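Take a look at the letters that make up each chain.
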Amino acid sequence: MADLSTNFLGIKSPNPFWLASAPPTDKAYNVERAFEAGWGGVVWKTLGEAGPPVVNVNGPRYGAIWGPDRRLLGLNNIELITDRDLEVNLREMTEVKKRWPDRALIASIMVPCDEESWKAILPRVEDTGADGIELNFGCPHGMSERGMGAAVGQVPEYIQMVAEWCKQYSNMPVIVKLTPNITDIRYPARAAKAGGADAVSLINTISSIVSVDLDNFAPTPTIDGKGSHGGYCGPAVKPIALNMVAEIARDPETHGLPISGIGGVQTWRDAAEFIALGCGTVQVCTAAMTYGFKIVEEMAEGLSDWMDEKGYATIADFQGRAVPNVTDWQYLNLNYITKARIDQDLCIKCGRCHIACEDTSHQAITSMVDGQRYFEVMDDECVGCNLCVNVCPVDDCITMVEMTEGTDPRTNKPIDHDYANWTTHPNNPMSKQAAE
Amino acid sequence: MTVSETNDVKAHRLSSDDYIENFSDIHPPLTQHEAFVEADRCYFCYDAPCMTACPTSIDIPMFIRKIQADNPVGSAKTIFEQNIMGGMCARVCPTETLCEEVCVREVAEGKPVKIGLLQRYATDTFMEREQPHPFTRAAPTGKKIAVIGAGPAGLSCAHRLATLGHDVTVYEAREKAGGLNEYGIASYKTTNDFAQDEVDFILQIGGITIENGKALGRDITLDQLSADFDAVFLGVGLPGVNALGVDNDDAAGVIDAVDFIAVLRQAEDLSQLEVGRRVVVIGGGMTAIDAAMQSKLLGAEEVTVTYRRGQEHMNASLYEQELAQTNGIMIRHWMMPNSLAVSDGAVTAITMEKTELDASGKLVGTGEMVTIQADQVFKAIGQTPDATPLNGVSIELEKGRIRVDEHRRTSHQKVWAGGDCVAGGEDLTVASVEDGKVAAESIHKALMA
């Protein structure tokens, strides 16, 4: 039985599955249900400054895209930070932390970008006994119009500045939650580190309009005929999140900076992928909002079973193992040759590989052989692009097979076993320059 | 075995709720959500096998994609372009031996995309939304065409001709148009008077006049029509029924299955229909199954279908056979009628002789007899062509059916034919629709040359 316990910035939790700062963590009631269900930690729904709390719209806050059987693929929200009194939240956090000392409880904070505001709230949060703080520099909707959330996360200097205040005015570990609504995620991560932050968490939601109502010509969710962009999350955003996590994990300037991975984690496998890219914990929201808290059982058991199967005793045993294999395109081996292979016993002759290749790619798959519908790869045309694999509806029917011997019939060049990449390729003008 | 002397045939075997339940839609239509989910199962195959298998070549992947994209009306238009009776075909096509048999998901998982039900979803939605007719007529050509028979072949031909700008008069012997759609298909396959709704839909194109109660050879002659019209299309079906070939087959309770089905389809009150307590159906085709099923649903206690050959030789699809069996109908193979027991002029039992194939592959009786008690015996051993109404007009026949070329043109210069009355056909609604469509295009080409 694998040990799933984690120690993230000294914050211990029985497993790496935390609930992200979001509606599921807005109240003691929800959080305690989550802990009863087995969640390792929560990041409490973002606190604002003292005084009258923010207000939410009273119409729909969420929009979604679905698969044909209403499987929720992406969720969009325009909800703001907690709309409950700061005092109520702080009191509940204190009580919950006391009752659940073995679980991680992180306070998410978003207050105006001035020193006094941060200086005012930090000691009050610290008094709750929270294990750490997460600076919400991520929400792209609503609060960003007031100079908070993503508006801060998009300016590395602000990130550094606020992180410094937080380190200065509190003893709690500081996690900076990053917005993906930025061109290069490495800059805000570097700024967080430079400001003394102990970790980053990412991604927050992505600015989005999920659909347009074609009867009213308004974005959804529609509030009295109008809509506003929301923050997009759920399974659809996972690839974006993985890339941003990897960018930070492999950036020499931030390599080793602890990361809490967020973005479309639905199953143990998603979590394992984030951890393999260096994350110390993962945060989940949409999956819980779709299915309820019980899913953590599947996540924890699935991760444990997989670790047992692979012989990993602890999370640290595989954490970051994929980071060295994320590289720049220019370092990919151009001498690695693959060809698609169609398993004729598995092929159901739908023809999708053919038409995808014929219409949109390299004309490398037949549709008719000897008057019969027959789909096979023509190696002399196949560039090994993998599109046919991706459109084939049958598992393992088409695979990419490495050519290890002989001559590539497409290029008529013999297989070269030496690694060679773009940096030294004769077509690369930069390489020519270097040769001179 | 003691043979009952009492002939038990009566109406009102069931409660009125039972009749409603038994004759409700056998395959309830898909809801919108079910249609989305099912449509998503379609792989949008290239050179799709389903499309090739469809006698009318409906672009099945495209109509399914349109359902998936929430455009059921556009989907129905795709269907109607190739098959103006797409609504009825969605109900009666043996899809398990046509499009769904070759669906790649049938090959992969034994679970084809439910093409028939999706087609019904699209066409029903079109009808329910009371859309304007999807086609408009071309400019008038001034040509007049006579169509004999308002069944699937005739109506399909008439619709395509009218669309092409011709004026069409359809002569129909019966009181209603629709042919077998109206008179010859089990009622649980086409509920709520769908056949007539579809006729109305087809006629919306304009330019088609239907003359009911006009039978070829009785009220009209082919000679006269070919003189009065620019072209004639024969879609007269198969008016005759094969005989059992045993004595007493005129006894009360010995009934042509097609007549039984026609009466049932036209009945306003099913509870008034008489049915035997024990029913035997002779035959192995769709008509046999339809008659057996409906006897059972009318309250017959024991229904047996007998067929002279094996299960694999039956014309009824495997699906239809299983439907009958799961409804408690016994199907017995390898036996042929030998004699009928009659009491007071009514049948009480039928004795069957078991059969086998001899060394040369010929079907022969074994001499072993089996007697099955029966209050009714339905004959469903095939319908036959009748050339008499052609009144000696010279048209080549083939085994009694009209010979046509690939364009459905007969040996007569001005006459085309299609549907069950032509040689070499499949005796399917969808094939008849295709015949009518192909003939119309050929007529158009000939007249406009």
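To start, this report covers the structure provided alongside it.

Conventions and cut-offs
Residues numbered from 1 in each chain as written. Chains lettered and ligands numbered in written order. Predicted model: local features only at pLDDT ≥ 70, side-chain atom pairs only at ≥ 80, totals over all residues. Heavy atoms only, no water. Helix = DSSP H or I, 4+ residues; strand = E, 2+ residues; numbered from the N terminus. Buried < 20%, exposed > 50% of the residue type's maximum accessible area, 1.4 Å probe, protein only. Contact = heavy atoms within 4.5 Å. Areas by Shrake-Rupley, 256 points an atom, 1.4 Å probe, with all protein chains shown as cover. Lys, Arg positive; Asp, Glu negative; His and termini not counted. Charge placed at Lys NZ, Arg CZ, Asp CG, Glu CD. Rg over C-alpha atoms; globule rule 2.2 N^0.38 Å. Axes fitted to C-alpha atoms, helices over the stretch in contact; angles between N-to-C directions. Left-handed = near helix turned anticlockwise from the far one by under 90°. Nonpolar A, V, L, I, M, F, W, Y, C, P; charged D, E, K, R; others polar. Pairing = 2+ DSSP bridges. Buried area = accessible area lost by both parts, 1.4 Å probe. Salt bridge = Lys/Arg side-chain N within 4 Å of Asp/Glu carboxyl O. Polar contact = N/O pair within 3.5 Å; in protein donor to acceptor, adjacent residues only side chain to side chain. Phe/Tyr/Trp six-rings, centres within 6.5 Å; stacked < 30°, edge-to-face > 60°. Patch = residues over 30% accessible without salt bridge, like charges linked within 9 Å, V, L, I, M, F, W, Y side chains within 5 Å. Expected span 1.5 Å × (residues − 1). Parallel < 35°, antiparallel > 145°, perpendicular 65-115°, else oblique. Arc of directions from axis to C-beta.

Digging into the overall build of chain A
On a plain count of helices and strands, chain A comes out with 13 helices and 22 strands. Along the first, second and third principal axes, the C-alpha atoms of chain A reach 80 × 60 × 45 Å. For chain A, with 436 residues in total, the buried portion stands at 51%. Considering only contacts within chain A whose residues lie at least 6 apart along the sequence, 70% involve residues at least 24 apart. Surface accessibility of chain A: about 20,100 Å² in total, with carbon and sulfur atoms responsible for 50%. The positive charge centre, built from 36 side chains, and the negative charge centre, built from 58, are 4 Å apart in chain A.

Here we look at the overall build of chain B
Scanning chain B from terminus to terminus reveals 17 helices and 19 strands. On C-alpha atoms alone, chain B measures out to a radius of gyration of 23 Å, which is about the 22 Å that the 2.2 N^0.38 rule sets for 449 residues. Taken along the three principal axes of its C-alpha coordinates, chain B extends 70 × 55 × 50 Å. Counting the 449 residues in chain B, one finds 53% classified as buried. Of the contacts made within chain B by residues no fewer than 6 positions apart, 72% connect residues no fewer than 24 positions apart. Counting only carbon and sulfur atoms, one obtains 46% of the accessible surface of chain B, whose full area is about 19,100 Å². Side chains of chain B carry 39 positive and 65 negative charges; the gap between the two charge centres is 4 Å.

Let's talk about the packing of helix H10 (residues 152-163) of chain B against helix H17 (residues 429-448) of chain B
Residues and elements named next belong to chain B. The contact between H10 and H17 brings their axes to 7 Å, and the two run at 35°. Two packed elements cross with a definite hand, and for H10 against H17 that hand is right-handed. Of the residues in H17, those touching H10 at Pro-152, Ala-153, Ser-156, Cys-157, Arg-160 and Leu-161 are Thr-429, Ser-432, Val-433, Gly-436, Lys-437, Ala-439, Ala-440, Glu-441 and Ile-443. Residue classes in the contact of H10 with H17 are distributed as 8 nonpolar, 4 polar and 3 charged.

Considering the pairing of strand E5 (residues 231-234) of chain B
Looking along a regular strand, one sees side chains alternate from face to face of the sheet. All names here are of chain B. Of the two faces of E5, both are covered, the one formed by Ala-231 and Phe-233 as well as the one formed by Val-232 and Leu-234. Note that strand E2 (residues 144-148) and E5 share 4 bridges and pair parallel. In the strand pairing of E5, Ile-145 is matched with Ala-231. Sheet topology note: the E5/strand E19 (residues 415-417) ladder contains 3 bridges and is parallel. Paired with Leu-234 across the strands is Ala-417, a residue of E19.

Let's talk about the interface of chain A and chain B
Between chain A and chain B, the residue contacts involve 15 residues of the former and 13 residues of the latter. With both chains or domains summed, chain A and chain B bury close to 1,100 Å², and 65% of this area falls on carbon and sulfur atoms. Considering only the surface of chain A that becomes buried against chain B, Pro-68, Ile-348 and Arg-373 of chain A emerge as the three largest contributors, covering 46% of it. For the pair chain A and chain B, the number of links is 1 salt bridge. One salt bridge in this structure joins Arg-373 of chain A and Asp-47 of chain B, with 3.4 Å as the shortest N-O distance. Summed over the shared surface of chain A and chain B, the result is 5 residue pairs in polar contact (both at pLDDT 80 or more). Looking at the side of chain A that touches chain B element by element, the count peaks at 3 residues for helix H11 (residues 352-360) of chain A. Among the residues forming the side of chain A that touches chain B, the class breakdown is 7 nonpolar, 3 polar and 5 charged.

Some remarks on the sheet that holds strand E9 (residues 278-282) of chain B
Backbone hydrogen bonds are what pair the strands of a sheet, in a parallel or an antiparallel way. All names here are of chain B. A sheet is described by the order of its strands in space; here 5 strands give the open sequence E7-E15-E9-E10-E11, paired in parallel fashion. The open sheet is flanked by strand E7 (254-256) and strand E11 (330-332), the only strands paired with a single partner. Strand-to-strand twist of the sheet, defined as the mean angle between neighbouring strand axes without regard to direction, takes the value 20°. In this structure, strand E10 (residues 302-306) lies alongside E11, joined through 3 bridges in parallel fashion.

Describing the packing of aromatic side chains
All names here are of chain B. Within this structure, the stated rule accounts for 12 aromatic pairs over all chains. Judged by centre distance (5.3 Å) and plane angle (80°), the ring pair of Phe-80 and Phe-126 falls under edge-to-face. Of this pair, Phe-80 sits in helix H5 (residues 72-82) while Phe-126 sits in helix H9 (residues 115-128), and the two are 46 residues apart along the sequence. Taking relative accessible area as the criterion, Phe-126 reaches 1% and is therefore assigned buried.

Description of unusual backbone geometry
In this structure, the amide linkage connecting Leu-202 of chain A to the following residue, Ile-203 of chain A, adopts the cis form with an omega of 10°. Here Ile-203 of chain A lies in the loop between strand E10 (199-202) and strand E11 (206-208). Residue Pro-221 of chain A is reached from Thr-220 of chain A by a cis peptide bond, and omega for that bond is -5°. Mapped onto the secondary structure, Pro-221 of chain A falls in the loop between strand E13 (218-220) and strand E14 (230-233). Positioned with a positive phi, Ser-57 of chain B is a non-glycine residue whose angle comes to about 55°. With respect to the helices and strands, Ser-57 of chain B occurs in the loop between helix H3 (49-53) and helix H4 (60-68).

Details of the sheet that holds E2 of chain B
Residues and elements named next belong to chain B. Read from one edge to the other, the open sheet built from 5 strands follows the order E4-E3-E2-E5-E19, with strand pairing classed as parallel. Each edge of the sheet is formed by a strand with only one pairing partner; in this case those strands are strand E4 (208-212) and E19. The mean inter-strand angle of the sheet, taken between neighbouring strand axes irrespective of direction, is 20°. Contacting E2, E5 and E19, H17 runs over the sheet at an angle of about 170° to E5.

Remarks on a nonpolar patch on the surface
Taken together, Ile-209, Val-212, Leu-214 and Phe-217 of chain A make up a surface patch of nonpolar side chains, about 470 Å² in accessible area. By the element assignment, Val-212 of chain A lies in strand E12 (residues 211-213).

A short note on helix H10 (residues 295-310) of chain A
All names here are of chain A. Between its first and last C-alpha, H10 extends 23 Å over 16 residues, near the 22 Å set by a 1.5 Å rise per residue. By the burial criterion, the buried members of H10 are Ile-295, Val-296, Met-299, Ala-300, Gly-302, Leu-303, Ser-304, Trp-306 and Met-307. Those residues of H10 that are buried are in contact with strand E3 (17-19), helix H1 (28-37), helix H8 (268-276), strand E16 (279-284) and helix H9 (286-291). Phi turns positive one or two residues past the end of H10, at Gly-311, with a value near 80°.

With respect to the pattern of salt bridges
Residue and element names in this part refer to chain B. Taken as a whole and assessed by the stated rule, the structure comprises 42 salt bridges over all chains. Put simply, Glu-109 and Arg-105 hold a salt bridge, and the shortest N to O gap is 2.6 Å. With Glu-109 and Arg-105 both in helix H8 (residues 104-109) and 4 residues apart, this pair spans about one turn of that helix. On the basis of relative accessibility, which here comes to 14%, the residue Arg-105 falls in the buried class. Close ionic contact of Glu-301 with Arg-277 constitutes a salt bridge, the shortest N to O distance being 3.6 Å. Here Arg-277 lies in the loop between strand E8 (275-276) and E9 and Glu-301 lies in the loop between helix H15 (286-297) and E10, a separation of 24 residues in the sequence. One continuous salt-bridge network, built from bridges that share partners, spans Asp-8, Arg-13, Arg-277 and Glu-301.

Observations concerning the packing of H1 of chain A against helix H2 (residues 86-99) of chain A
All names here are of chain A. For the pair H1 and H2, the least separation of the axes is 10 Å and the interaxial angle reads 20°. One element, H1, and the other, H2, form an angle in the roughly parallel class. Seen from above, H1 lies across H2 with right-handed handedness. Touching Ala-28, Val-31, Glu-32 and Phe-35 of H1 are Glu-92, Val-96 and Arg-99, all from H2.

So, H4 of chain B
Residues and elements named next belong to chain B. Taken together, the buried positions of H4 are Ile-60, Pro-61, Phe-63, Ile-64 and Ile-67. The arc that holds every buried residue of H4, seen down its axis, measures 165°, which confines them to one face. Residues of H4 that are buried make contact with helix H2 (32-40), H3, H5, helix H7 (99-102) and H9. Looking one or two places after H4, you find Asp-70, whose phi comes out positive at around 60°.

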